[in-house]
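Residue-level structural notes
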2 protein chains.
Amino acid sequence: MTTHVPRARLVRNSKPLRRSDEIIDAAARVFAERGYHGTSTQAIADVLGMRQASLYYYFTSKEAALEAVCLRGTDGFVEAAEAVVKSKGAPLEKLARLIAAHLSPIETRQDYVKVFINERRYLPAASRRRLGRKTRAIERAFEHVILAGIADGSIVRGTDARLAMLAVLGMCNAVINWRPSDQGKDMARIAAQFAKLMANGLAANGGGARMARAT
Amino acid sequence: MTTHVPRARLVRNSKPLRRSDEIIDAAARVFAERGYHGTSTQAIADVLGMRQASLYYYFTSKEAALEAVCLRGTDGFVEAAEAVVKSKGAPLEKLARLIAAHLSPIETRQDYVKVFINERRYLPAASRRRLGRKTRAIERAFEHVILAGIADGSIVRGTDARLAMLAVLGMCNAVINWRPSDQGKDMARIAAQFAKLMANGLAANGGGARMARAT
DNA sequence: CCGCTTTTCGATAGACGTATAGATTCTATA
DNA sequence: TATAGAATCTATACGTCTATCGAAAAGCGG
């Protein structure tokens with residue numbers, strides 16, 4: 001049944017990463033849809049039209065595959081967030097950019113991010129801690145910007161920065177689990193409305209400085 | 001090893017529901033911690049100090065247990081939300097009450113709600129649809145109040161009500177997956193800050209009508 | 001075409017997991 | 001205390017799943 005699709009070996013990229021990328025990608029897809037424990041290695045192999053045992057040429061265990069997927073799920077997040085923090089601009093503007101930057105991978109690498117968010121808790125403690133560092137870095141970026149806003153008076157006094165950070169991130173991360181019909185919305189529009197919501201929600205002044213309206 | 005704890009049969013409640021409640025409760029606990037597919041029926045039995053096979057006296061299948069847990073996970077949500085919608089008050093005040101009402105079960109019945117939110121997708125289509133009705137009812141309640149706010153001018157024109165609803169619910173539901181240290185925060189405080197955030201975030205006027213500050 | 005490396009395959013060990021069946025024990029009540 | 005029904009147990013059938021192993025096949029430089 002499963003026709004042997006001869007693997008395109010004709011990649012310029014010298015590193016022997018192409019095939020294993022396909023494997024991770026298949027794993028991401030199935031993990032995202034059925035969850036880690038709901039996925040059998042057989043199901044991953046099926047996506048690729050290969051035999052279940054062959055996967056073990058690339059991965060030492062199913063857990064290792066989950067870790068690889070989760071790691072890619074965080075790719076870019078931290079770098080993008082920290083770049084925004086270091087950039088110039090008012091805290092509330094930075095927050096808007098943080099939100100946009102955070103939503104972007106959710107759009108472009110859905111499966112990886114979804115697995116990272118929903119399944120990382122099934123990783124063994126060691127790798128979970130490794131990933132925890134990334135999570136905390138992102139949280140820190142958001143919290144830092146909010147604290148800066150409180151400090152310079154643009155965000156209302158008495159705001160619990162950590163709580164506000166958890167609120168924004170909860171809002172943003174939830175997108176990954178929206179129904180497909182809702183996820184279909186234009187991501188730029190989502191980012192804009194989220195940013196407006198948070199900027200106005202946190203703003204200290206009575207009004208003047210409302211953000212420009214979303215397009 | 002497992003001592004036979006003679007079951008307290010001395011309940012006034014005539015219905016034979018006590019023991020099966022304990023079973024659902026144990027299932028909720030383990031499903032919440034390890035996920036549905038990560039949980040063996042043996043693990044549930046262990047919590048109760050009973051034999052794995054004995055569970056099947058109460059449930060026809062593991063899936064049925066998941067459905068029971070999920071159903072309880074929605075208990076009260078819809079009723080509370082619809083009561084708020086029907087009550088008197090300005091839309092933004094209602095929204096604040098909706099948020100508080102929505103967060104309350106998250107505090108008092110963590111395991112059930114967590115399973116409902118994270119694991120309901122593993123239910124067979126039939127029961128998933130049943131639960132979908134409840135989800136949609138809650139969403140409708142939030143959306144309805146937001147639409148009312150747009151209609152009466154208290155919420156800024158151009159707001160995408162559905163998007164705003166998804167934002168609030170995402171923010172609220174995320175609480176269930178917070179780290180224990182964050183979850184330990186006073187839930188009333190969380191509700192207050194979330195409500196303030198959304199009220200100010202959505203408010204149409206330049207400022208005047210800001211909500212009272214959180215205590 | 002040869003031999004070496006990379007990749008995939010077939011077969012299977014061994015653990016685990018769900019669910020069923022019938023025996024056994026418990027509890028309450030006549 | 002004898003009996004009926006509820007609750008739990010033991011044993012096990014039967015499927016599935018991860019991971020290993022050695023053989024086969026494919027790709028490639030000489």
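Read on for a plain summary of the structure. Bear in mind that the values here come from a model prediction, so they are computed numbers and not experimental data.

What follows covers the relation of the copies chain A and chain B. For the pair chain A and chain B, the relating rotation is 180°, the translation along its axis is 0.0 Å, and the fit reaches an RMSD of 0.0 Å. Here the symmetry operator amounts to a two-fold rotation axis. Using C-alpha coordinates, one finds that chain A approaches the rotation axis most closely at Gly201 of chain A, a distance of 1.9 Å. A shared interface surface links the copies, since 100% of the contact residues of chain A are contact residues in chain B too.

With that settled, the discussion passes to the interface of chain A and chain B. Listed per partner, the contact involves 45 residues of chain A and 45 residues of chain B. Both faces considered, chain A and chain B share a buried interface measuring about 3300 Å² in area, 51% of it formed by carbon and sulfur atoms. Scanning the region where chain A abuts chain B turns up ten salt bridges. Note that Arg179 of chain A and Glu139 of chain B form a salt bridge whose closest N and O atoms lie 2.6 Å from each other. When residues of the side of chain A that touches chain B are traced back to their parent elements, those giving at least two are helix H1 (18–34), helix H6 (110–119), helix H7 (125–151), helix H8 (161–174) and helix H10 (187–202) of chain A. Per-element accounting of the side of chain A that touches chain B gives the leading share, ten residues, to H10 of chain A.

Time to look at the pattern of salt bridges. The final tally for this structure, using the stated rule, is 22 salt bridges over all chains. The salt bridge partner of Arg72 of chain A is Asp21 of chain A, with a shortest N-O separation of 2.6 Å. Of this pair, Arg72 of chain A sits in helix H3 (residues 62–74) while Asp21 of chain A is found in helix H1, placing the two residues 51 residues apart along the sequence. The residue Asp160 of chain A makes a salt bridge to Lys185 of chain B at a minimum N-O spacing of 3.9 Å. Taken together, the residues span two chains, with Asp160 of chain A in the loop between H7 and H8 and Lys185 of chain B in the loop between helix H9 (180–183) and helix H10 (187–202). For Asp160 of chain A, a relative accessible area of 17% translates into the label buried.

Reading the values: rules and limits
- Residues numbered from 1 in each chain as written.
- Chains lettered and ligands numbered in written order.
- Predicted model: local features only at pLDDT ≥ 70, side-chain atom pairs only at ≥ 80, totals over all residues.
- Heavy atoms only, no water.
- Least-squares fit on C-alpha atoms with pLDDT ≥ 70 in both.
- Contact = heavy atoms within 4.5 Å.
- Buried area = accessible area lost by both parts, 1.4 Å probe.
- Salt bridge = Lys/Arg side-chain N within 4 Å of Asp/Glu carboxyl O.
- Helix = DSSP H or I, 4+ residues; strand = E, 2+ residues; numbered from the N terminus.
- Buried < 20%, exposed > 50% of the residue type's maximum accessible area, 1.4 Å probe, protein only.

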